[in-house]
Amino acid sequence: MTLCTEQLTHHYRSRLALDTFSVQFHAGEITAILGPNGAGKSTLCKLIAGLITCQQGQIKLDGSPLHGPSRKLIGQLGFVFQEPALDMMRTGRANLLYAAGLHGLSKNASTAQIEITCSLLHCVHVLDRPVNQLSGGERRRIEVARALIHQPRWLLLDEPSVGLDIDSRQQLSEDIHAMAREQHMGVVWCTHITDELEPDDRLVIMHRGTVRFSGYCGSPNELLSRYRSEVVTDV
Amino acid sequence: MSEFFRPLIVIVEREFARFLAQRTRLLSALVRPLFWLLVFAAGFKSTLGIATQPPYATYVTYDLYVVPGLVAMMCLFNGMQSSLAMVYDRESGAMKVLMTAPISRCRVLIFKLIAATLVSTVQAYLFIGIAIAVGINLPWIGLLTALPAILISAFTLGLAGLVLASRFRGLENFAGVMNFVIFPAFFLSSALYPLWQLRESSELIYWISVFNPFTHLIEIIRFGMHGIAMTPTGWITLAVLVVITPAAGYLFRPEAQ
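Residues numbered from 1 in each chain as written. Chains lettered and ligands numbered in written order. Predicted model: local features only at pLDDT ≥ 70, side-chain atom pairs only at ≥ 80, totals over all residues. Heavy atoms only, no water.

(A) Examining the interface of chain A and chain B more closely. Tallying the contact residues gives 27 residues for chain A and 22 residues for chain B. Summing both sides of the interface, chain A and chain B together bury roughly 2,300 Å²; the carbon and sulfur share of this comes to 58%. Among the residues of chain A in contact with chain B, Arg-71, Tyr-98 and Leu-102 of chain A are the three that bury the most area, contributing 30% of the side total. Across the contact surface, chain A and chain B share two salt bridges. A salt bridge links Glu-83 of chain A to Lys-96 of chain B; the nearest nitrogen and oxygen atoms lie 2.6 Å apart. Our count for the contact surface shared by chain A and chain B stands at four residue pairs in polar contact (both at pLDDT 80 or more). Per-element accounting of the side of chain A that touches chain B gives the leading share, four residues, to helix H2 (residues 92-102) of chain A. Split by residue class, the side of chain A that touches chain B holds twelve nonpolar, eight polar and seven charged. (Contact = heavy atoms within 4.5 Å. Buried area = accessible area lost by both parts, 1.4 Å probe. Salt bridge = Lys/Arg side-chain N within 4 Å of Asp/Glu carboxyl O. Polar contact = N/O pair within 3.5 Å; in protein donor to acceptor, adjacent residues only side chain to side chain. Helix = DSSP H or I, 4+ residues; strand = E, 2+ residues; numbered from the N terminus. Nonpolar A, V, L, I, M, F, W, Y, C, P; charged D, E, K, R; others polar.)

(B) Spotlight on the pairing of strand S1 (residues 2-12) of chain A. Residues and elements named next belong to chain A. As defined by bridge partners, S1 adjoins strand S2 (residues 15-26) across eight bridges and the pair is classed as antiparallel. Each bridged residue has a counterpart across the sheet, and for Thr-2 the counterpart in S2 is His-26. Judged from the five bridges that link them, S1 and strand S4 (residues 56-61) form a sheet pairing that is antiparallel. By the bridge assignment, Cys-4 is partnered in S4 with Lys-60. (Pairing = 2+ DSSP bridges.)

(C) Local environment of helix H3 (residues 62-92) of chain B. Residues and elements named next belong to chain B. An ideal rise of 1.5 Å per residue puts 45 Å on 31 residues; H3 measures up with 44 Å between its terminal C-alpha atoms. Considering bend angle alone, the principal kink of H3 is centred on Pro-68 and spans about 30 degrees. Phi turns positive, to about 95 degrees, at Gly-93, one or two residues after H3. (Expected span 1.5 Å × (residues − 1). Bend = angle between axes of the 7 residues up to and from the residue.)

(D) Just empty space enclosed by the protein, in detail. By the definition in use, this model includes eight cavities of 30 Å³ or more. Counted as a void, the largest cavity has a volume near 120 Å³. Together, 13 residues line the largest cavity, and Phe-79, His-103 and Arg-146 of chain A together with Val-97 and Thr-100 of chain B are the ones closest to its centre. Elements with a contribution of two residues or more to the lining of the largest cavity: strand S6 (77-80), H2 and helix H4 (136-148) of chain A. In terms of residue count, the dominant contributor to the lining of the largest cavity is S6 of chain A (three residues). Of the residues that constitute the lining of the largest cavity, the class distribution is eight nonpolar, four polar and one charged. Lining the second largest cavity are 14 residues, and of these Cys-45, Lys-46, Phe-81, Gln-82 and Asp-158 of chain A lie nearest its centre. For the lining of the second largest cavity, the secondary-structure elements that each account for two or more residues are helix H1 (41-49), S6 and strand S7 (154-158) of chain A. Each residue belonging to the lining of the second largest cavity can be placed in one class, and the counts come to eight nonpolar, two polar and four charged. (1 Å grid on protein atoms, 1.4 Å probe; cavity = no way out; pocket = protein on both sides within 12 Å on 5 of 7 lines; lining within 4 Å. Points joined across faces, edges and corners; volume = space filled by probe spheres on them.)

(E) Examining the pairing of S4 of chain A more closely. Residue and element names in this part refer to chain A. As paired elements, S4 and strand S5 (residues 64-65) share two bridges and run antiparallel to each other. Looking across to S5, one finds that Leu-61 is bridged to Ser-64. Linking S4 back to S5 in an antiparallel pair, the connection comprises two residues, with Asp-62 at a positive phi of about 50 degrees.

(F) Seen up close, the packing of aromatic side chains. According to the stated counting rule, one finds twelve aromatic pairs over all chains in the structure shown. Ring geometry for Trp-36 of chain B and Phe-186 of chain B: centres 5.4 Å apart, planes at 70 degrees, overall edge-to-face. Of this pair, Trp-36 of chain B sits in helix H2 (residues 23-45) while Phe-186 of chain B sits in helix H7 (residues 171-187), placing them 150 residues apart in sequence. Judged by its relative accessible area of 2%, Phe-186 of chain B falls in the buried class. With a centroid separation of 6.0 Å and an interplanar angle of 55 degrees, the aromatic rings of Trp-36 of chain B and Phe-187 of chain B are classed as tilted. You can see Trp-36 of chain B sitting in helix H2 and its partner Phe-187 of chain B sitting in helix H7, a full 151 residues away along the chain. Members of the aromatic cluster, each reached through a chain of ring pairs, are Trp-36, Phe-40, Tyr-62, Tyr-65, Phe-183, Phe-186 and Phe-187 of chain B. In this structure, Arg-14 of chain B packs its charged tip against the face of Tyr-98 of chain A, placed 5.1 Å from the ring centre. A cation over a ring is seen here: Arg-222 of chain B above Tyr-65 of chain B, with NZ or CZ 3.9 Å from the ring centre. (Phe/Tyr/Trp six-rings, centres within 6.5 Å; stacked < 30°, edge-to-face > 60°. Buried < 20%, exposed > 50% of the residue type's maximum accessible area, 1.4 Å probe, protein only. Lys NZ or Arg CZ within 6 Å of the ring centre and 35° of its normal.)

Below you can see the structure in the form of structure tokens.
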């Protein structure tokens, strides 16, 4: 089971955001996409999510184009966006029921799934509070729960820990790693914070829309120190 | 099948939850037409009557004449409010949740329109109920026969609002544009005066009103409220909607969001 991008190229007017970007993600594996601001991480996420259209290249899920007319395959993915995307006036539970319903889950199935997912993410206690009364960390947990509510095979995280304090960031990272292992889920994690990674995560280092490194290394910091001067100067 | 319609249910639920949570929106949706009916129309009632013209079988009082126009005005306001909410959703990021759901863009558009239509219809019937309670003499059968016309009008105006919303990025710009749509649409129509009376005062205003699609929505509601469920205009509007609604799915393409 693979999610792959083939020769993705994307421009914003004259600025090149992705340049023949090809990478393969594997089920059951956490792939961290590291790179400085402007490397093309968010563009990659938006293309995979279908929020922008591929100008060149293809995204395939198990060999089939991800964004076919039926949009069925997109249901196998869950997304956490860089900017918060919750309905602030409604409760966490209402937000999750809405997302589950959009994926076709019945009310009973949604209710059960909310309890399971939020227990794993330690956010059951905030479910019935309006989102605008939650802390940044709690909101992020609700967003991650929303991405997982329909039990996707793949989870895409676009800098999910932006704005969180160190403790919340670490806890969120541990929870996502634990869930990914438990559910044998493929995770694509765009970030520029190396603390969020674990030694057995796969790394893809991006710079100016291209892949500069793809593989495993014992310690992300070790690898980054090799590339720091050349590629990820502001990581 | 239930999996197919589940997104519709949650989209409708969300639209109603928002409508009920915004108390001022709920209140102003009712106060606005009631003000027209109880103050404006009450003043004109004693001085202005409407001579016999279809669908009225006899001379009618002005307050009875003005009710269909006010129902259409509620649909117009709600259609614009729903599209304003879409602009807000786009700004707040909530639109992304909808756009990454495994449902086609066309289905997203239709479901959102159905949700807005249902909110408009509930508002319209609340208003009609109050109008009857204050003594407006509407035929009871009209409550039933007006339903298709109200649904078609609310859907059409919701679609117009979404088309408009797709062109605007910021809330500020869009709120301004709404005034340029709502007021001309309402005043240059048969909402407040019959077309023949408009013609007596200005040929230009008459022709603008004739070509104003809002006039025709008011008229199908008027006929519906007086026992004629669907006029030829109603059928034509329905046919046009069937054709253009899927095409409007184009507005929900990723680049448009």
